[in-house]
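For reference, the chains in residue letters:
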Amino acid sequence: MKSSAVRFLLPYLLGILIAHHFNIPTYFLFFLFPFACLCYILFKGEIFLLAILISFGIFNYQIRQKELPKHHLSNFLPLKKEVIIFGEIRNDPEIVGTKAIFDLEVKEISSQPYPFLPPMGEGKRERSCGKIRVNIKEKNNIYQYGDFLKIQGELRLPPAQRNPGGFDYRAYLKREGVYALLYLPSDESVQIIRRAGKNFFLTKVVFPIKHFVDQVFEETMAGPQKALLKGITLGQREDFPKPVLAAFSDTGVVHILAVSGFNVGLVALVFFLFLRFLRLPHQWAVWVTLLGLILYAFITDLTPSVVRATIMAFVFMISQTLEREVSLYHSLALSALIILLLWPQDFFYVGFQFSFAATLGIIALTPKIQKGLINQTSTFLKFPWLDKWVLLPFSVSLAAQLTTTPLVAFYFYKLPIISLLSNLIIIPLVGWATALGFATVLFRIFSLTLAGIFSAANWIPLTLILKTVEFSATVPYAYFRVPKPSYAFLIFYYLLLFLLANWQASRRFRRLFVFSLLCGLNIFVWQSVFAPRRLKVTFFAVGQGDAALLQFPDGKNLLIDAGQRTLTFDSGERIIAPSLWYWGISSFDGLIFSHPQIDHIGGAVYLLNHFKVKRVIDSGQIYPSQTYQEALQKIQDKKVEYCLARRGEKIQGFYPAEIFVLHPDSAWVKTHKVNNTSIVLKITYGKISFLFPGDIENEVEEELLKQGDLLEATVLKVPHHGSLTSFREEFIMKVKPKIAVISVGEFNRFGFPDSCVIEGYRKLGAEIYRTDESGAITIETDGERIWVKGMIP
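Residues numbered from 1 in each chain as written. Predicted model: local features only at pLDDT ≥ 70, side-chain atom pairs only at ≥ 80, totals over all residues. Heavy atoms only, no water.

A. Here's a closer look at the overall build of the protein chain. Along the protein chain, the regular secondary structure elements total 28 helices and 27 strands. For the protein chain, buried positions account for 50% of its 793 residues. Relative to all contacts within the protein chain whose residues are 6 or more apart in sequence, the contacts with residues 24 or more apart total 69%. Summed over all atoms, the accessible surface of the protein chain reaches about 40100 Å², with 62% contributed by carbon and sulfur. (Helix = DSSP H or I, 4+ residues; strand = E, 2+ residues; numbered from the N terminus. Buried < 20%, exposed > 50% of the residue type's maximum accessible area, 1.4 Å probe, protein only. Contact = heavy atoms within 4.5 Å. Areas by Shrake-Rupley, 256 points an atom, 1.4 Å probe, with all protein chains shown as cover.)

See the structure below:
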């Protein structure tokens, strides 16, 4: 920690964190430097340096997050009409089959077609800036970096995070400077105004080499082995089948598909050995290798892990050339400092955090783990090769896992256990495959036959990696699902890890460890004791369908419906399951099918396969849907308790809440169509109540009026997604809802919710929330008050 780079990095990083979590007024930035000077006058020395670095961290982050100009693209969205866009391609277009995907730097947007590009400022046009991501399904043109295009199309906002635990694609693209999406079935509406390769280094060096490497792999490899090789060398995942990618994720080795420092080290080694093989002098070989690493960093799109490893390689190789010793901590801190000076927002990227956490863990913990294991057994002393080939790899794997496990839990809600062992096999194989992959590329320069020989040899390690991952994913308890840890837990965990790593340093560290552990356990216990006793109801945004989770004060969970399923989309897999894992839910005390249509039970099969379901409650309607029959078969196979809901019954097991069945009865199920056999539930908790009417229509609403005051509810899930056939004013007047929740899909083909339904609810005084506008809607109540929150403000 005495490294000068570490001393600069930590206070600078503190400034970034302050600026990220607190909205610092712009005028405050002008007082930062005078404040630092005052610290120098009063305290001098370290305090002055600390103040300067914290102030600069705040300032640097703040100016990068400054308010966008009035003519910025984001201020025109959503446009909801076709426009003419003029812009320049700002990345190497991604070509997948007939598809073309690229980022366009927008220069101008016009609502009228122009046959040519007039000078900026003329005509009725609006200036703009920012980038859009263009996706062309069937391309005919060849697109290159720097091409200036004229495109006609309709801009869309990228999907935001719509459900708890879901992926925020809009925020992800915004970090890359992309603010809108443009989908085109073909490039008939695309005109290349001029070819413009402005950046010689990118257009004439980086991209041609990248395309050459990609072409070599296409020529010499096939199948999943080719996809794996592209993943570990270029960071490309486009060709990976989803099941294979899921297996890599479940076994905790998906990191090998993101180019990391390990790959950079292998590239440096292959480059250096190849240059020495060509009898290049040692010093020249070092400098050429460093130039090669810079080129490799650009080929892999300057990802934080590659930039970090490249800087560390620079420091290490130059210090070796100059015969000077350098601290690994210093190299790591220096690389982090350079990245964060250029891109301070990168600290909040997943790739940056994983890369530096793993590297820091390997540097700090590997020697301690290795030494501790050697002290526990004399076997390693008798057989020195065991230390090198077994103990050292195990120590490295364990060290990296100890520092990255909380991050895996935080971002992916899982705890991969098998990765500790699978990495011992896979990492050496990745090294073998990477080295052979680059040897294939190098020898392809001279001969396709030579390249084919290396590629054939590479088939062995690539296949072994795939088989190891496939086997590891089938091992029972290969991973565990865990809830997303809090920031407090992360701080507590890393504090304990730091103190434990310094256990032997002094008695003070041991006392601090025990004290911190006891404090943390006390906080955890008291949080559980004083946790508010609330009923939490989440209406998921599952598109054109229904799904709502009720979390009761005693920890029990009830899911009403499971969203839709299509050939390419499953609400259970893509929406409901990630939310449940986010909350740490692994079982349901009840799963209710309001009625057996696919927009209500589509995700049930996936949920029955991946969660423990204690009881399924159904209407018993005979319905020939394949999905419904599959769900019934799954219920039977897993021996799940199956019950029928009937009018007048009370669903037990959720005290202190009460759940009443208001509809249907047995006769109704036999004689009416499927929507009108929907289970209608009323749930009360204290003075607050919820009414779930499924997809009932006017006929059932009229029947329910006979139940009088029992219909009254604070919150009403609007029947049938806001269809006019399910809106009876007398029914709504009887329910008297304060809040009406409409579960409906964006741009649905039915035109739901009907404008008359919306106006009717507003007229009757209900506050309306829609999942197509607000994403998932969460309502919490303590029995007296209610709190409502949408995922999208």
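B. Examining the packing of aromatic side chains more closely. Applying the stated rule across the entire model yields 30 aromatic pairs. Judged by centre distance (6.3 Å) and plane angle (40°), the ring pair of F540 and W583 falls under tilted. Taken together, the positions of F540 in the loop between β11 (535-539) and β12 (548-551) and W583 in helix α20 (residues 571-583) put the pair 43 residues apart, joining distant regions of the chain. The residue whose ring lies beneath R534 is W787, and the NZ or CZ to ring-centre distance is 4.0 Å. (Phe/Tyr/Trp six-rings, centres within 6.5 Å; stacked < 30°, edge-to-face > 60°. Lys NZ or Arg CZ within 6 Å of the ring centre and 35° of its normal.)

C. Representation of a nonpolar patch on the surface in the model. A cluster of nonpolar side chains, contributed by F56, F59, I63, L302, I338, L341, L342 and W343, occupies part of the molecular surface with about 620 Å² of accessible area. Elements with a contribution of two residues or more to the nonpolar patch: α4 (45-64) and α12 (328-342). Residue position: F56 is located in helix α4. (Patch = residues over 30% accessible without salt bridge, like charges linked within 9 Å, V, L, I, M, F, W, Y side chains within 5 Å. Salt bridge = Lys/Arg side-chain N within 4 Å of Asp/Glu carboxyl O.)

D. Expanded view of the sheet that holds strand β20 (residues 658-663). An order of β19-β20-β21-β22-β23-β24-β25 is seen for the seven strands of this open sheet, with the pairing classed as mixed. Of all the strands in the sheet, just β19 (650-651) and β25 (767-770) have a single pairing partner and so form its edges. Judged from the three bridges that link them, strand β23 (residues 715-717) and strand β24 (residues 739-742) form a sheet pairing that is parallel. Its bridge partner lying in β24, L716 is registered against A740. Against the sheet, helix α27 (residues 755-763) touches β23, β24 and β25, its axis set at about 145° to β25. (Pairing = 2+ DSSP bridges. Axes fitted to C-alpha atoms, helices over the stretch in contact; angles between N-to-C directions.)

E. Representation of the side chain of N748 within the structure. Mapped onto the fold, N748 is located in the loop between β24 and α27. Only 3.0 Å separates the side chain of N748 from the backbone nitrogen of G751, close enough to count as a polar contact. (Polar contact = N/O pair within 3.5 Å; in protein donor to acceptor, adjacent residues only side chain to side chain.)

F. Fine view of the sheet that holds strand β17 (residues 615-618). Within the open sheet, the eight strands sit side by side as β18-β17-β15-β13-β12-β11-β26-β27. Their pairing is mixed. Strands at the two margins of the open sheet, each flanked by one partner only, are β18 (641-644) and β27 (786-790). Here the strands of the sheet are splayed against their neighbours by 15° on average, with no regard to which way each runs. Here β11 runs beside strand β26 (residues 777-781); their pairing, made up of five bridges, is antiparallel. Considered in β26, the bridge of T538 is made with T778.

G. Local environment of helix α10 (residues 282-299). The end-to-end C-alpha separation of α10 is 25 Å, in line with the 26 Å expected for 18 residues at 1.5 Å each. When we look at burial in α10, the residues that qualify are A285, V286, T289, L290, G292, L293, L295, Y296, A297 and I299. Phi for D301, located one or two positions after α10, is positive at around 65°. (Expected span 1.5 Å × (residues − 1).)

H. Expanded view of the pattern of salt bridges. The full count for this structure, using the stated rule, is 28 salt bridges. Here R195 makes a salt bridge to D147, at a shortest N to O gap of 2.4 Å. With R195 in the loop between β8 (190-194) and α6 (200-220) and D147 in the loop between β5 (131-138) and β6 (148-154), the pair connects residues that are 48 residues apart, well separated along the chain. With a relative accessible area of 46%, R195 lands in the partly exposed category. Residue classification places D147 among the buried residues on the basis of a relative accessible area of 1%. The residue K230 makes a salt bridge to E218 at a minimum N-O spacing of 2.6 Å. Of this pair, K230 sits in helix α7 (residues 223-234) while E218 sits in helix α6; the two residues are 12 residues apart in sequence, bridging distant segments of the chain. The class for E218 is partly exposed, based on a relative accessible area of 38%. Here the salt bridges do not stand alone but share partners, grouping D214, E218, K226 and K230 into one network.

I. Local environment of α27. Residues of α27 that are buried include every one of V757, I758, G760 and Y761, and no others. The arc that holds every buried residue of α27, seen down its axis, measures 165°, which confines them to one face. When the buried face of α27 is taken as reference, the exposed residues oriented beyond 90 degrees from it are S755, R762 and K763. Elements that come into contact with the buried residues of α27 comprise β23, α26 (729-735), β24 and β25. Where α27 begins, the capping side chain belongs to D754, and its oxygen is found 2.8 Å from the backbone nitrogen of C756. (Arc of directions from axis to C-beta.)

J. Seen up close, the pairing of β20. With two bridges joining them, β19 and β20 adopt antiparallel strand pairing. For I651, the partnering residue across the bridge sits in β20 and is I659. Connecting β19 to the next strand, β20, in antiparallel fashion are six residues, including G653 with a positive phi near 100°. Examined bridge by bridge, β20 and strand β21 (residues 680-685) share five bridges and lie antiparallel to one another. Residue pairing in the sheet places H663 in a bridge with V680 of β21.

K. Inspection of the packing of α6 against helix α16 (residues 419-444) at higher detail. As a packed pair, α6 and α16 sit with axes 10 Å apart at the nearest point and diverge in direction by 100°. With respect to α16, the axis of α6 lies roughly perpendicular. Of the residues in α16, those in contact with F212, V213, V216, F217, E219 and T220 of α6 are G437, T440, V441 and R444. The class makeup of the residues in the contact of α6 with α16 is five nonpolar, three polar and two charged. (Parallel < 35°, antiparallel > 145°, perpendicular 65-115°, else oblique. Nonpolar A, V, L, I, M, F, W, Y, C, P; charged D, E, K, R; others polar.)

L. Summary view of unusual backbone geometry. Omega for the bond connecting H663 with P664 falls within 30 degrees of zero, at 5°, which places this linkage in the cis form. Turning to its location among the elements, P664 is positioned in the loop between β20 and α24 (666-671). In this model, F752 is joined to P753 through a cis peptide bond whose omega is -10°. With respect to the element layout, P753 can be found in the loop between β24 and α27. Despite not being glycine, Y413 shows a phi value in the positive range, around 55°. Relative to the assigned elements, Y413 resides in the loop between α15 (384-412) and β9 (414-416).

M. Summary view of the environment of Q144. In this structure, Q144 sits in the loop between β5 and β6. Given a relative accessible area of 43%, Q144 falls into the partly exposed group. Separated by 50 residues in the primary sequence, Q144 and E94 have C-alpha atoms spaced 9.8 Å apart. Those residues within four positions of Q144 in sequence are excluded, and the remaining contacts are I89, P93 and R195.

N. Structural context of the environment of A196. Mapping A196 onto the fold places it in the loop between β8 and α6. In this structure, A196 is in contact with Y145, G146 and D147, ignoring residues within four places of it in sequence.

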